[in-house]
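Residues per chain, in single letters:
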Number of protein chains: 2
Amino acid sequence: MNEIIEKNLKTVYETLDKANIYYHAAGVLNFDMETICPPGAMEKQGETTAFLSTEGYKLIKSDEFVDAVLYLHGHLDDAELDPLDAELVKSLYRDYAKIKNLTPELNHEFDLIRNKAYIDWVNAKQSSDYSVFAPSLEKIKEISIKEVTLRDEKSDVPYDDMLDDYERGVTSADLDEAFGQCKERLIPLLEKIKASGKVIRRDFMSRTVSDEAQKNMAKYLLDTIRYDFNRGAFTTTEHPFTTDIARDDVRVTTHYYPNSFTSSMYSIIHEGGHALFGQLQPAEHHDHHIDNEMTMGMHESVSRFYENRIGRSRPFISLIYPKAKEIFPGLLDDVTEEELYEAVNIVEPSLIRTESDEFTYTFHIIIRYEIERMFMSGEAKLEDLPRIWNDKYEKYLGVRPADDKEGVLQDVHWSFGFGYFPTYALGNMYNAMYFNRMKDEIPVDAIVSSGDFDRLNGWMKDNVFAKANILTPKEWIKDITGRDFTPVDFLDYLEEKYGGIYGL
Amino acid sequence: MNEIIEKNLKTVYETLDKANIYYHAAGVLNFDMETICPPGAMEKQGETTAFLSTEGYKLIKSDEFVDAVLYLHGHLDDAELDPLDAELVKSLYRDYAKIKNLTPELNHEFDLIRNKAYIDWVNAKQSSDYSVFAPSLEKIKEISIKEVTLRDEKSDVPYDDMLDDYERGVTSADLDEAFGQCKERLIPLLEKIKASGKVIRRDFMSRTVSDEAQKNMAKYLLDTIRYDFNRGAFTTTEHPFTTDIARDDVRVTTHYYPNSFTSSMYSIIHEGGHALFGQLQPAEHHDHHIDNEMTMGMHESVSRFYENRIGRSRPFISLIYPKAKEIFPGLLDDVTEEELYEAVNIVEPSLIRTESDEFTYTFHIIIRYEIERMFMSGEAKLEDLPRIWNDKYEKYLGVRPADDKEGVLQDVHWSFGFGYFPTYALGNMYNAMYFNRMKDEIPVDAIVSSGDFDRLNGWMKDNVFAKANILTPKEWIKDITGRDFTPVDFLDYLEEKYGGIYGL
């Protein structure tokens, strides 16, 4: 290998190795703060965590490191460069290019605005008063646009650059097309479901279940999908999440509601899906520091694959139904397997995204996307967002928020920026496509009902996880399925599944 | 203030503030490893923790810092030096003086020997084979002696310097005297107890209690003694411990055995006692970085004060008995308050220190002390330790280990050094002295039976905790009680309490 290339690669790897020690420590401290750190110690621990992150950040902002990255980026075509080293360099350059024109002063100003926006959002939601959040929301819009327009490489549409930050290569034109098809098919389908007259039993869903029993069920479910407890841990938090603390340390959390036992079940399968994506990364991607290059949409496709495509399927219910009767004694004595299947798939238009069902979920995303797009382009004015929000909920779902707390203020995301929400919906569309491919290659239903998750995960590893870090979403889905991205598989799936349940 | 003093103080404080950030992070990572870190991630996290500790250590080993400490130590008499700054300087100088002649190479060699000794001890205990550990034990003796003899300031007796490291100013002459008195009074007393014919009910002590119920009891007990949950956290580990992670973050752990509900109860009161000592430190001691200068014996005196003097007293049992019946439904239906009191104070000579009762505990320490002293002086040979151990157990307690696992190999301590064990026994003697003082000043029994722990802790804070960081144990106990250290209060207490229970 060329000596200069070698020297620069050495700089890059040594710097990242060292920075990663700080990030590893910061990751553990963050997890501790989410799980057990006492209230009185939070501020201090926050400061220590920030110190560690800054130490890591300083290393990758150092001239020596940046110069090495730039040199290597200028020699990407060098035949001697290992393909995964090249991927690392491309990824580092992308990160660099995004912030290279952002001065420390501007960065600090943006931080202050985001911090204030978060506090304003919390207060606004508490008092259900949009006017408390509105000034910050306007500022977040300004800095979000400023941030992307400062870049050397940018598109004509600032919002597309924001989307690109979360889902590389996906544009608002792509989303207009995909979401347009969704609305066209799902709105009439929802009408039919509502008109079907089908009554799904739900009385047992609110029966009281102890934390201990729910914990046993969560553990059983993680075991079932082959979450690796040797390389992960599991506890409770107010808001469930997954965190990749280190190569061999991918942790998940859940939350137990005494009168909603399926809530923790599906939350843990969802987080378990994220965790499997982390635990089953190719070893060489860890070695080359590109193990976290997959997009948010890809990640969400996997968590929702396990939660919905597998977890809410008939074969899965058939697998866990006997165990559920064992773990929750008496709870399901008068409930058939079919009744459980229908209950976890009930369709019910609602106001709160995080509590919505698989079918109506996409509408929640489309509404946010349409509003973001209109707000960024100037088509929608700051003061009109609550009304537009409520009108869209009424139009698409037939429900109207009584106040802004259950309307435009419900999600935290806009206190830091725009372009994130669509990844949630894209995830469903991606996994519908690769589920169909999987079905062509292995007998998914039989595998799931027999609990052979090693085989299922093996397919995911070889097809879905293998190249997620090195391809854009469009390249990746084509690589897995041989087809271009389309929402059709997802819409077909919903039509077939819910048509069946609701007898349409 | 003198400008040079000011400058050096600034160096000291700024360095310690920064080093403490690393130590804080390392503390959280350590706690995480003890509690939730997955097995597969332990090695990596151990490396990250070591990196952080080393970064902190480098700062306090830097020439700039050491020079500042030395300068200030040379100006301790300067009238302008704040008394607590002077205490900090003395403490830093003590630490410096202990290791100033220890070369990095020697230090590394010692580390390797201790690491190997620990592994050998684990293997030796597992196979109950003393010969596996013996060579390492000899080396630990050699390096322990070498370590203290390398120092500029040292006594004629190396073992006294080892004792001093854990309990400043306490010598083997002090211990010979105190333990001599113990043996003189406790051996005949134990004979009388054995001969008393008193039968204490213990059947209910092994009744099954769920983890959940034991957890509720642990929480109630911590609440009762006014452990501050806002500045602390509480979870489970194999071996219970307390850790002062930060000024406002003192965590405790416990362990639940299904058939020994009082085990977790007294373990949590013991750790809660340690934690109160941490949580009720004078604020100015935190500010001056001398909040952790108390000796091991002082710390153990406090944990054992809460565990034994309070926790196993009649007023405390009377306080918690009704609550125990509520938290453990049915468990104590046929058990009177007096029966519970007697059961938690049963005297039973046994082989394992960590499972021994309040009365016989001191013998376990005396045996280890006598053997350490003989081994260090050369009076006892390496190969004779198991036999000496067994003979002493037979002589003092009337029980003889069947193998070395329940004999000389039972404790980990000798894999890192000598002189630590006596602090456990000293703790009991200290708290007996200050308990008597406390009784003169406030109505302890009435306070405990009414649960007014704010008042009890207030006395501890003003008298026991206030100067622990700035006085030697002998100065400290004299400051609290007005009397010189003596084991008499402790022996009187045992005689009175156990004489009562066993009707002597």
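Just so you know, these numbers come straight off a predicted model, no measurement behind them. (Residues numbered from 1 in each chain as written. Chains lettered and ligands numbered in written order. Predicted model: local features only at pLDDT ≥ 70, side-chain atom pairs only at ≥ 80, totals over all residues. Heavy atoms only, no water.)

### Notes on the overall build of chain A
Right, so step 1: Of regular secondary structure, chain A possesses 21 helices and 3 strands.
Right, so step 2: Here the C-alpha radius of gyration of chain A, 23 Å, is about what a compact globule of 504 residues would show, namely 23 Å.
Right, so step 3: Counting only C-alpha atoms and orienting by the principal axes, one finds that chain A spans roughly 70 × 50 × 50 Å.
Right, so step 4: Across the 504 residues of chain A, 55% fall into the buried class.
Right, so step 5: Within chain A, counting contacts between residues at least 6 apart in sequence, those at least 24 apart form 72% of the total.
Right, so step 6: Entry remark: accessible area of chain A is about 21,200 Å², with carbon and sulfur atoms responsible for 50%.
Right, so step 7: For chain A, the separation between the mean place of its 57 positive charges and that of its 91 negative charges on side chains is 3 Å. (Helix = DSSP H or I, 4+ residues; strand = E, 2+ residues; numbered from the N terminus. Rg over C-alpha atoms; globule rule 2.2 N^0.38 Å. Buried < 20%, exposed > 50% of the residue type's maximum accessible area, 1.4 Å probe, protein only. Contact = heavy atoms within 4.5 Å. Areas by Shrake-Rupley, 256 points an atom, 1.4 Å probe, with all protein chains shown as cover. Lys, Arg positive; Asp, Glu negative; His and termini not counted. Charge placed at Lys NZ, Arg CZ, Asp CG, Glu CD.)

### A closer look at the relation of the copies chain B and chain A
Right, so step 1: Mapping chain B onto chain A calls for a rotation angle of 180° and an axial translation of 0.0 Å; the resulting RMSD is 0.0 Å. Accordingly, the operation relating the two chain copies is best matched by a two-fold axis.
Right, so step 2: Of the residues that chain B buries at the interface, 100% are likewise interface residues in chain A, meaning the two copies contact each other through the same surface. (Least-squares fit on C-alpha atoms with pLDDT ≥ 70 in both.)

### Focus: the sheet that holds strand S3 (residues 249-254) of chain B
All names here are of chain B.
Right, so step 1: Strand order in this open sheet of 3 strands is S1-S3-S2, and the pairing throughout is mixed. At either end of the open sheet lies a strand with only one pairing partner, and these are strand S1 (234-236) and strand S2 (242-246). Shown here is a sheet whose adjacent strand axes are inclined to one another by a mean of 30°, direction ignored.
Right, so step 2: Against the sheet, helix H1 (residues 3-35) engages S1, S2 and S3, with an angle of about 145° to S2. (Pairing = 2+ DSSP bridges. Axes fitted to C-alpha atoms, helices over the stretch in contact; angles between N-to-C directions.)

### Some thoughts on the sheet that holds strand S3 (residues 249-254) of chain A
Residue and element names in this part refer to chain A.
Right, so step 1: With mixed pairing, the 3 strands of this open sheet are ordered in space as S1-S3-S2. Of all the strands in the sheet, the pair left with one neighbour each is strand S1 (234-236) and strand S2 (242-246). Taking each pair of neighbouring strands and ignoring which way they run, the sheet shows an average axis angle of 30°.
Right, so step 2: Direction of pairing for S2 relative to S3: antiparallel, over a ladder of 4 bridges. Considered in S3, the bridge of Asp244 is made with Val250.
Right, so step 3: Sitting on the sheet, helix H1 (residues 3-35) is in contact with S1, S2 and S3, with an inclination near 145° to S2.

### A word on the packing of helix H17 (residues 422-441) of chain A against helix H19 (residues 453-465) of chain A
All names here are of chain A.
Right, so step 1: Axis separation between H17 and H19 bottoms out at 11 Å; the angle between their running directions is 120°. What the angle tells us is that H17 and H19 run oblique. Relative to H19, H17 is oriented so that their crossing is right-handed. Contacts between H17 and H19 involve Tyr434, Arg437, Met438 and Glu441 from the former and Leu456, Trp459, Met460, Asn463 and Val464 from the latter.
Right, so step 2: Residues of the contact of H17 with H19, tallied by class, amount to 6 nonpolar, 1 polar and 2 charged. (Parallel < 35°, antiparallel > 145°, perpendicular 65-115°, else oblique. Left-handed = near helix turned anticlockwise from the far one by under 90°. Nonpolar A, V, L, I, M, F, W, Y, C, P; charged D, E, K, R; others polar.)

### Some details on the pattern of salt bridges
Residues and elements named next belong to chain A.
Right, so step 1: Within this structure, the stated rule accounts for 84 salt bridges over all chains.
Right, so step 2: Across the salt bridge formed by Glu339 and Arg201, the nearest N and O atoms sit 3.2 Å from each other. Here Glu339, found in helix H14 (residues 337-343), pairs with Arg201, found in the loop between helix H8 (172-195) and helix H9 (211-224); they are 138 residues apart in sequence, far enough to count as distant.
Right, so step 3: Here Asp489 ties to Arg483 by a salt bridge, and the two come within 2.7 Å at their closest N and O atoms.
Right, so step 4: With a relative accessible area of 34%, Arg483 lands in the partly exposed category.
Right, so step 5: Each of Arg201, Asp203, Arg207, Asp334 and Glu339 takes part in a single network of salt bridges with overlapping partners. (Salt bridge = Lys/Arg side-chain N within 4 Å of Asp/Glu carboxyl O.)

### Observations regarding the interface of chain B and chain A
Right, so step 1: Counting residues at the interface gives 32 residues for chain B and 32 residues for chain A.
Right, so step 2: Of the roughly 2,400 Å² buried at the junction of chain B and chain A (both faces included), carbon and sulfur atoms supply 69%.
Right, so step 3: On inspection of chain B and its partner chain A, the count reaches 2 salt bridges.
Right, so step 4: Of the charged contacts, one joins Asp32(B) and Arg251(A) as a salt bridge, the two residues approaching to 2.7 Å between their closest N and O atoms.
Right, so step 5: Between chain B and chain A we count 6 residue pairs in polar contact (both at pLDDT 80 or more) in total.
Right, so step 6: Counting residues per element, the ones that place at least two in the side of chain B that touches chain A are H1, helix H2 (42-61), S1 and S3 of chain B.
Right, so step 7: The dominant element in the side of chain B that touches chain A, judged by the number of residues it contributes, is H1(B), at 9 residues.
Right, so step 8: Across the side of chain B that touches chain A, the residue classes break down as 16 nonpolar, 7 polar and 9 charged. (Buried area = accessible area lost by both parts, 1.4 Å probe. Polar contact = N/O pair within 3.5 Å; in protein donor to acceptor, adjacent residues only side chain to side chain.)

### A few points about the side chain of Asp160(B)
Residues and elements named next belong to chain B.
Right, so step 1: Within the secondary structure, Asp160 is located in helix H7 (residues 158-166).
Right, so step 2: Buried and unpaired, Asp160 has no salt bridge, with Arg373 as the nearest side chain of opposite charge at 5.7 Å.
Right, so step 3: Asp160 has contacts with Ser155, Val170, Thr171 and Ser172, leaving out every residue within four places of it along the chain.

### Thoughts on helix H19 (residues 453-465) of chain B
Residues and elements named next belong to chain B.
Right, so step 1: For H19, built from 13 residues, the straight-helix expectation of 18 Å at 1.5 Å per residue is missed by more than 12%, its first-to-last C-alpha distance being only 15 Å.
Right, so step 2: Turning to H19, its buried residues are Phe453, Leu456, Asn457, Trp459, Met460, Val464 and Phe465. Viewed end-on, H19 has its buried residues packed into an arc of 155°, placing them on one side of the element. Facing away from the buried surface of H19 by more than 90 degrees, the exposed residues are Asp454 and Asp462. (Expected span 1.5 Å × (residues − 1). Arc of directions from axis to C-beta.)

### Quick word on empty space enclosed by the protein
All names here are of chain B.
Right, so step 1: Taken as a whole and assessed by the stated rule, the structure comprises 4 cavities of 30 Å³ or more.
Right, so step 2: The computed volume of the largest cavity comes to approximately 60 Å³.
Right, so step 3: Lining the largest cavity are Val170, Asp174, Leu175, Leu426, Tyr430, Pro473, Lys474, Ile477 and Phe485.
Right, so step 4: Residue composition of the lining of the largest cavity, by class: 7 nonpolar, no polar and 2 charged. (1 Å grid on protein atoms, 1.4 Å probe; cavity = no way out; pocket = protein on both sides within 12 Å on 5 of 7 lines; lining within 4 Å. Points joined across faces, edges and corners; volume = space filled by probe spheres on them.)

### Here we look at the environment of Leu504(B)
Residues and elements named next belong to chain B.
Right, so step 1: Counting through the fold element by element, Leu504 comes out in the segment after helix H21 (488-501).
Right, so step 2: The class for Leu504 is partly exposed, based on a relative accessible area of 47%.
Right, so step 3: Distance from Leu504 to Phe110, taken between C-alpha atoms, is 51 Å for residues 394 residues apart in sequence.
Right, so step 4: Dropping the residues within four chain positions of it, Leu504 is found in contact with Leu189, Lys192, Ile193, Ser196, Tyr498 and Gly499.

### Quick word on the packing of aromatic side chains
Residue and element names in this part refer to chain A.
Right, so step 1: Inspection of every chain in the model, using the stated rule, returns 56 aromatic pairs over all chains.
Right, so step 2: On the numbers, 6.1 Å between centres and 35° between planes, the contact of Tyr159 with Tyr369 is tilted. Here Tyr159 is found in helix H7 (residues 158-166), whereas its partner Tyr369 is found in helix H15 (residues 358-377), with 210 residues between them in sequence. The burial state of Tyr159 is the same as that of Tyr369; both residues are buried.
Right, so step 3: Grouped by ring-pair contacts, the aromatic residues Tyr166, Tyr361, Phe375, Trp389, Tyr393, Trp414, Phe418, Tyr420, Phe421 and Tyr424 constitute a single cluster.
Right, so step 4: The residue whose ring lies beneath Arg304 is Tyr361, and the NZ or CZ to ring-centre distance is 4.2 Å. (Phe/Tyr/Trp six-rings, centres within 6.5 Å; stacked < 30°, edge-to-face > 60°. Lys NZ or Arg CZ within 6 Å of the ring centre and 35° of its normal.)

### Side note on a negative patch on the surface
Right, so step 1: A cluster of acidic side chains, namely Asp211(A), Glu212(A), Asp211(B) and Glu212(B), defines a negative patch on the protein surface.
Right, so step 2: Elements with a minimum of two residues in the negative patch: H9 of chain A together with helix H9 (211-224) of chain B.
Right, so step 3: Looking at the element boundaries, Asp211(B) is found in helix H9. (Patch = residues over 30% accessible without salt bridge, like charges linked within 9 Å, V, L, I, M, F, W, Y side chains within 5 Å.)

### With respect to H9(A)
Residues and elements named next belong to chain A.
Right, so step 1: The terminal C-alpha atoms of H9, which comprises 14 residues, lie 19 Å apart, in line with the 20 Å expected from a rise of 1.5 Å per residue.
Right, so step 2: Burial in H9 covers these residues: Ala213, Gln214, Met217, Ala218, Tyr220, Leu221, Leu222 and Thr224.
Right, so step 3: Taken together, the buried residues of H9 touch S1, S3, helix H10 (261-279), helix H13 (314-327) and H19.
Right, so step 4: Phi turns positive one or two residues past the end of H9, at Arg226, with a value near 70°.

### Quick word on unusual backbone geometry
Right, so step 1: At His289(A), a residue that is not glycine, the phi angle is positive and equals roughly 55°.
Right, so step 2: Mapped onto the elements, His289(A) comes out in the loop between helix H11 (283-287) and helix H12 (296-310).

### Points about the confidence of the model for chain A
Right, so step 1: In this model, chain A carries an average pLDDT of 96, and 100% of its residues clear a pLDDT of 70 or more.
Right, so step 2: In the model output, the complex is listed with pTM 0.94 alongside ipTM 0.92. (pLDDT = per-residue confidence, 0-100.)

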